[in-house]
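# Structural description and commentary
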Amino acid sequence: MLGYYFDLALRSLRRNKMLTALMVVAIALGIGASMTTLTVLHVLSGDPLPGTSSTLFYPQVDPRDMDGYEEGKRPPEQVSWVDGMNLLRAKRADRQALMTGGAVPVQPAQSNIDPFFSDARYTSSDFFPMFKVPFLYGRPWSESEDGAKARVVVISRTLNEKLFGGKDSVGQTLRMKDTAFQVVGVIDLWRPSPRFYDLNMDSYGSLEDVFVPLSTARDVHFEHSGSTDCWGTGGGDEEHAETSPCVWLQFWVQINDSGKVAAYRDYLVHYSQEQKALGRFQRPPNAQLPGLMEWLDINKVVPGDVRLQTWLALGFLLVCLVNTVGLMLAKFLRRAGELGVRRALGASKREVFAQLLVESGVIGLAGGFFGLLLAFVGLWLVRKQPSSYAALAHMSSGMLLVTFLLAVGATLLAGLLPAWRACQITPALQLKSQ
Amino acid sequence: MTQFAPIFSALRRHRLATALIALEIALACAVLCNACFLIVEQLRALHIDSGVAESSLAVINLGCDGCKGADLNARVTTALRAVPGVQSVAVVNAVPFAQPTGYAGINLDHEHFIAVPHFYAGGPGAVETLGLQLVAGRAFQPEDFQTAELWLPQNPSVWITRAFAERLWPGQDPLGKEFFSDQHHFRVIGVMAHLTPPDPGGGHGDSAGEWSVFVPVNPGASLNGVYALRANPGDLPRVLREARDAAQKAAPEAVLDLQQSRTVPELRSDFFRQTRIMVGTLAGVIVALLLVTALGIVGLASFWVQQRRKQIGIRRAIGATRGDILHYFQAENFLIVTVGIAIGMVLTFALNLVLMKFYEVPRLPVYYLPVGALVLWGLGQLAVLAPALRASQVPPMVATRSV
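Given the structure is predicted, the values throughout are model-derived calculations rather than measurements.

When its secondary structure is counted, chain B shows 11 helices and 13 strands. In summary, chain B has a C-alpha radius of gyration of 32 Å against a globular reference of 22 Å for 403 residues, an excess of more than 25%. Referenced to the eigenvectors of the C-alpha coordinate spread, the extents of chain B come out at roughly 100 × 50 × 30 Å. A burial count over chain B gives 43% of its 403 residues as buried. When contacts within chain B are restricted to residue pairs at least 6 apart in sequence, those whose partners lie at least 24 apart make up 83%.

Looking only at helices and strands, chain A has 14 helices and 12 strands in total. A compact globule built from 434 residues would reach a C-alpha radius of gyration of about 22 Å, whereas chain A, at 30 Å, exceeds it by more than 25%. Principal axes of the C-alpha set define a box for chain A whose edges measure 95 × 55 × 35 Å. In chain A, buried positions account for 43% of the 434 residues. Across chain A, contacts joining residues at least 24 apart in sequence account for 77% of those joining residues at least 6 apart.

A few words on the UniProt feature "domain: ABC3 transporter permease C-terminal" (unreviewed entry) in chain A. UniProt's feature table lists "domain: ABC3 transporter permease C-terminal" (unreviewed entry) at residues 313-427 of chain A, given in the numbering used throughout. Along residues 313-427 of chain A, the helical share is 82% and the strand share 0%, with 41 Å between the first and last C-alpha atoms.

On to the confidence of the model for chain B. Looking at chain B as a whole, its pLDDT mean stands at 85, while 95% of the residues score no less than 70. Across the assembled chains, the prediction reports ipTM 0.72 with pTM 0.75.

Bringing the nonpolar core into the picture now. Core analysis: the largest hydrophobic core is formed by 129 residues, its most contacted members being V153 of chain A together with L80, L229 and A243 of chain B. Discounting chain neighbours no more than four positions away, the residues touching L80 of chain B are I60, V86, V89, Y227, L229, A243, A246 and A247 of chain B. With 100 residues, the next largest nonpolar core counts V352 and L379 of chain A together with L376 and A391 of chain B among its residues.

A few words now on the UniProt feature "transmembrane region" (unreviewed entry) in chain B. Residue and element names in this part refer to chain B. UniProt's feature table lists "transmembrane region" (unreviewed entry) at residues 277-305, 334-355 and 367-389, given in the numbering used throughout. In residues 277-305, the share of helix is 100% and the share of strand is 0%. The end C-alpha atoms are 42 Å apart. Segment residues 367-389 splits into 96% helix and 0% strand. End C-alpha atoms: 33 Å apart.

A common measure of how large an interface is: the accessible area buried when the components associate. Contact residues are listed per partner, giving 31 residues for chain B and 32 residues for chain A. Ranked by residue count, the leading element in the side of chain B that touches chain A is helix α8 (residues 273-307) of chain B, at 16 residues. In terms of residue class, the side of chain B that touches chain A is made up of 20 nonpolar, seven polar and four charged.

What follows deals with the domain arrangement of chain B. Taken as a whole, chain B is organised into domain 1 (4-47 + 274-400) and domain 2 (54-271). A straight line from the C-alpha centre of domain 1 of chain B to that of domain 2 of chain B covers 53 Å.

This part covers helix α1 (residues 2-15) of chain A. For α1 of chain A, with 14 residues, the first-to-last C-alpha span of 20 Å sits near the 20 Å given by 1.5 Å per residue. Burial of α1 of chain A is sparse: only zero of the 14 residues sit out of reach of the surface.

Further remarks concern the UniProt feature "transmembrane region" (unreviewed entry) in chain A. Residues and elements named next belong to chain A. On the UniProt side, "transmembrane region" (unreviewed entry) is annotated at positions that read residues 21-44, 311-333, 353-380 and 400-420 here. Between the C-alpha atoms that bound residues 311-333 there is a distance of 33 Å. The span itself is 100% helix and 0% strand. Across residues 353-380, the secondary structure splits into 100% helix and 0% strand, with the terminal C-alpha atoms separated by 40 Å.

Attention now goes to unusual backbone geometry. Residues and elements named next belong to chain A. Unlike most non-glycine residues, K91 shows phi in positive territory, near 50 degrees. Locating K91 in the fold gives a position in the loop between α3 (81-90) and β2 (95-107). Despite not being glycine, K149 has its phi angle at roughly 50 degrees, a positive value. Here K149 shows up in the loop between α5 (143-147) and β5 (152-156). Residue K149 is classed as partly exposed on the basis of its C-beta count, with 16 C-beta atoms lying within 10 Å.

This paragraph deals with the sheet that holds strand β2 (residues 86-91) of chain B. Residue and element names in this part refer to chain B. Pairing is antiparallel across the open sheet formed by four strands, whose spatial order is β2-β12-β1-β13. Where the open sheet ends on each side, the last strands, each with one partner, are β2 and β13 (255-256). Two elements, β2 and strand β12 (residues 226-231), share five bridges in a ladder whose sense is antiparallel. Across the sheet, the residue bridging to V89 is L229, located in β12. The strands that helix α6 (residues 236-250) touches are β1 (57-63), β2, β12 and β13; relative to β1, the one it contacts most, it runs at about 20 degrees.

Residues and elements named next belong to chain A. Mapped onto the elements, T100 comes out in strand β2. A residue is classified by how many C-beta atoms lie within 10 Å of it, and T100, with 28 of them, is buried. Taking the C-alpha atoms as reference points, T100 and Y197, 97 residues apart in sequence, are found 9.2 Å from one another. Non-local contacts of T100, meaning those with residues more than four positions away in its chain, are made with Y122, H224, G226, W248, L249 and Q250.

Residues and elements named next belong to chain A. The domain architecture assigned to chain A consists of domain 1 (2-45 + 302-433) and domain 2 (53-298). The partner domain 2 presents five residues to the four residues of domain 1 that form the contact. Its residues assigned to classes, the side of domain 1 that touches domain 2 comprises three nonpolar, one polar and no charged.

Quick look at the packing of helix α2 (residues 15-46) of chain B against α8 of chain B now. To describe two helices that pack against each other, one gives the angle between their axes and the distance between the axes. All names here are of chain B. Closest axis-to-axis distance for the α2/α8 pair is 9 Å, and the angle between their directions is 160 degrees. As judged from the angle between their axes, α2 and α8 are roughly antiparallel. Handedness of the crossing formed by α2 with α8: left-handed. Considering only residue class, the contact of α2 with α8 consists of 22 nonpolar, four polar and two charged.

What counts as what
- Residues numbered from 1 in each chain as written.
- Chains lettered and ligands numbered in written order.
- Predicted model: local features only at pLDDT ≥ 70, side-chain atom pairs only at ≥ 80, totals over all residues.
- Helix = DSSP H or I, 4+ residues; strand = E, 2+ residues; numbered from the N terminus.
- Rg over C-alpha atoms; globule rule 2.2 N^0.38 Å.
- Buried ≥ 20, exposed ≤ 12 C-beta atoms within 10 Å, placed from the backbone.
- Contact = placed C-beta atoms within 7 Å.
- UniProt positions renumbered as here; feature names shortened; annotations may be inferred.
- pLDDT = per-residue confidence, 0-100.
- Core = buried A, V, L, I, M, F, W, Y, C linked by C-beta atoms within 7 Å.
- Nonpolar A, V, L, I, M, F, W, Y, C, P; charged D, E, K, R; others polar.
- Domains from an automatic or database assignment.
- Expected span 1.5 Å × (residues − 1).
- Pairing = 2+ DSSP bridges.
- Axes fitted to C-alpha atoms, helices over the stretch in contact; angles between N-to-C directions.
- Parallel < 35°, antiparallel > 145°, perpendicular 65-115°, else oblique.
- Left-handed = near helix turned anticlockwise from the far one by under 90°.

As structure tokens, then:
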């Protein structure tokens, strides 16, 4: 029966090409705009480390003084050197890494490349295994190299191509800020998006090019960039960053067993109490342990522009759908005579209803197809934009399916009212006027 | 008015279709007004007056943390001045649309933070090079340029923008007033017409974003590496190219930051690129929306005309002119659109409230509504014209046929 309805729908749609085209165009425009923005939103609010993100947590403690204290406010977004080091050395989690960002002057050995600044990450060694960073060559540095302030560096594949022509550069020397570093590893293409571990940086930017041990970076006075938040008499100058009352580091932990998360949170509270007893902390213990995805939510990493555009597009889709409801109503009521004959010949209301819904479904499919084409054009346009997330805007197979479901679902929904209205036709009246 | 009576009774028989068109107009009205408003807001941001002589400014940014400040400044400024076409050179810490470097919270009583302005620091000649406009107070004297031990001097005399003065001391004369930040103590000796922070609207000030302070500082250990150059606008790209080479040659130990060593017009264009895209997107949505709405009206009106061919024929047969038929459909459209606009106004304000809550959008000015209404009335009339003309062409003969 469905096949017959399908055939009927095609015939009916062919009969009035103009009206059909109008409906398909309306649906296609609405779907195209919504799917473009939804895809961008989906990509941007995605999980940066699928499979691992649920084991990653971002501990927060509140080391500030009582100035400006308000109950219930979240602790600072970063940790101070003292707290970071204490938590790092305590090793209460399965893995932990303390890190911050910066920019270092790279002085290539080749005379044909001018010195340039590279974004850098200064971190303790667990960064690499904890975030499952893929290595093209070599390996990360070890914990003992962390302690020894070793002059070692891990570089990105991009930098490796720029400086070493893409060859295995492990063991080579890289000069940065007049200090020689030994390359120990090259990171393969890796782009967690958002770049969750340090939200002070461009959240959707590319990976840093240079990774050095945090202790080494402090030792050779690499400049730190990102946010530094001080209280009390804190001045925030680079030289005394270890002792000044400022937060400027990110601390991440990996807790594999979900049962131990509560224990770690308790540990943070104990730590805060202990520090308060020592006189370092003044506020009542305020320890938080958001998971990775929760942390991204709290910080609203998805750009406001993107959300706004999504809402606009959905509003647009709504207008297009109302438009389609009107056109379908016109179309179905115009066929009152035909429907009256079918009803008189024995078709039940339900059957007529099903027939008309199949017709709207066909329109939805066609609209979905053209909408998909428009969405591809839209995403292509998005990728032309200069923003850092632009390059990420690609259609996935999941979104492809969603596009068709949305198109057909929305059109069926739009068809409900006109179809119901058309079913109310009294067959006798229609037959009489013929 | 007598004309409207038959329209009403006809519309009562097509309640559903009428309601749909009205609803579509209402939604279009809400999205249209708000999208237009967002565009205007973005355009206002795009045309912000930075307060500096943008078209003749370029900036050279050197990264060099081991360098001796005074020595570096002397070498680089000498080299830059030697570039043909350079009118003046000054050491600064930032320029509008470059990287912000000097945000700091300030207070008036050593206790309560009130605002986070951007502090511009500049050496001798910086005011002239940047082209800052003083509207009240006095110019800087040589003794105003102090040496900074931290990033700014301890007790400098400063200029602030009019917008910032209004924020700190509403309605009062700001000259001679004082404010504090950390160990610094600032005395206001001048008021500038405009000077935006490097990232206007970047979240530290209000949306106008003109909270800036200009501090005279002796170039040295705390102020080095960033140089503002002034040249003829036409000459600027060449001057910048040569200045980049000259700076690199004069300070081989420093690293030239290519991203930040640009002309100010380039920096501005980069800074607002995202905003321009947003404006384009919004304009696209508006056009598509109007198109879809118009097509919807065309579709439904055509259907009605077709459905009422017989009635139209009868009306023609008993004396209605073509103009009467045309006007009938136009008046009908006008009525429906009016109802749609009425609902749409409520929706517009509801949407604006939602946007205000989540996106820090200001309140929609009331005059958007009549303008939006005019546009939609016009659109409705335009869309209904073709079907209405077709209706007026229906010959009276139709009345005599039985379908």
